[in-house]
Amino acid sequence: MELVKQVYQLSNKLPSEEKFGLKSQLTRAAVSVPSNIAEGCSRNSEIEFKRFLEIAIGSLFEVETQLIIAKELKFLKENELENSFTLIQKEARMINSLISKIKNS
C-alpha cells in the first residue's frame, strides 16, 4: 500500500500529456500489486494463491520498469525515486519468500 501511495505522488509530477500514457500505466500496475495479493488470499488453494503472487510480482517489476522509463525520459529525478526503488526491492523479497514457502509446502 505504501508503494501505491508513493507511485501516485510521483505520477502527479509527470507531464500532463502523460495522463493517459505512462501515468495511467504506472498507477494501474502499482494498484495491481496489493490487489492481486488480496485476491490470492481469498482463494481456496495454495496453487491459486501462488499464481496471484506471481502476477503481483510481475506488476511490481512493471512499476520498477516504468519508474526507470520516467527517470530516463527526465520526468523524474533519481533522488525522487530512491525510496520507491528500495520499497520495490523489499516487496519483491517478501513476495518471493512467500512463493518459495508455498512451493516447499
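Residues numbered from 1 in each chain as written. Predicted model: local features only at pLDDT ≥ 70, side-chain atom pairs only at ≥ 80, totals over all residues. Heavy atoms only, no water.

Participant: With reference to specific residues and values, describe the packing of helix α2 (residues 22–41) against helix α3 (residues 46–72).
Facilitator: Running from amino to carboxyl end, α2 crosses α3 at an angle of 160°, the nearest separation of the two axes being 8 Å. The angle between the axes of α2 and α3 places the two elements in the roughly antiparallel class. With respect to the hand of their crossing, α2 and α3 are arranged in left-handed fashion. Partitioned by chemical class, the residues of the contact of α2 with α3 number 17 nonpolar, six polar and two charged. (Axes fitted to C-alpha atoms, helices over the stretch in contact; angles between N-to-C directions. Helix = DSSP H or I, 4+ residues; strand = E, 2+ residues; numbered from the N terminus. Parallel < 35°, antiparallel > 145°, perpendicular 65-115°, else oblique. Left-handed = near helix turned anticlockwise from the far one by under 90°. Nonpolar A, V, L, I, M, F, W, Y, C, P; charged D, E, K, R; others polar.)

Participant: Outline the packing of α3 against helix α4 (residues 78–103), listing residues and values.
Facilitator: Two numbers describe how α3 lies on α4: the axes approach to 10 Å, and their chain directions differ by 160°. Judged on the interaxial angle alone, α4 and α3 are roughly antiparallel. Where α3 crosses over α4, the two elements pack in a sense that is left-handed. When grouped by side-chain class, the residues that make up the contact of α3 with α4 number 17 nonpolar, two polar and eight charged.

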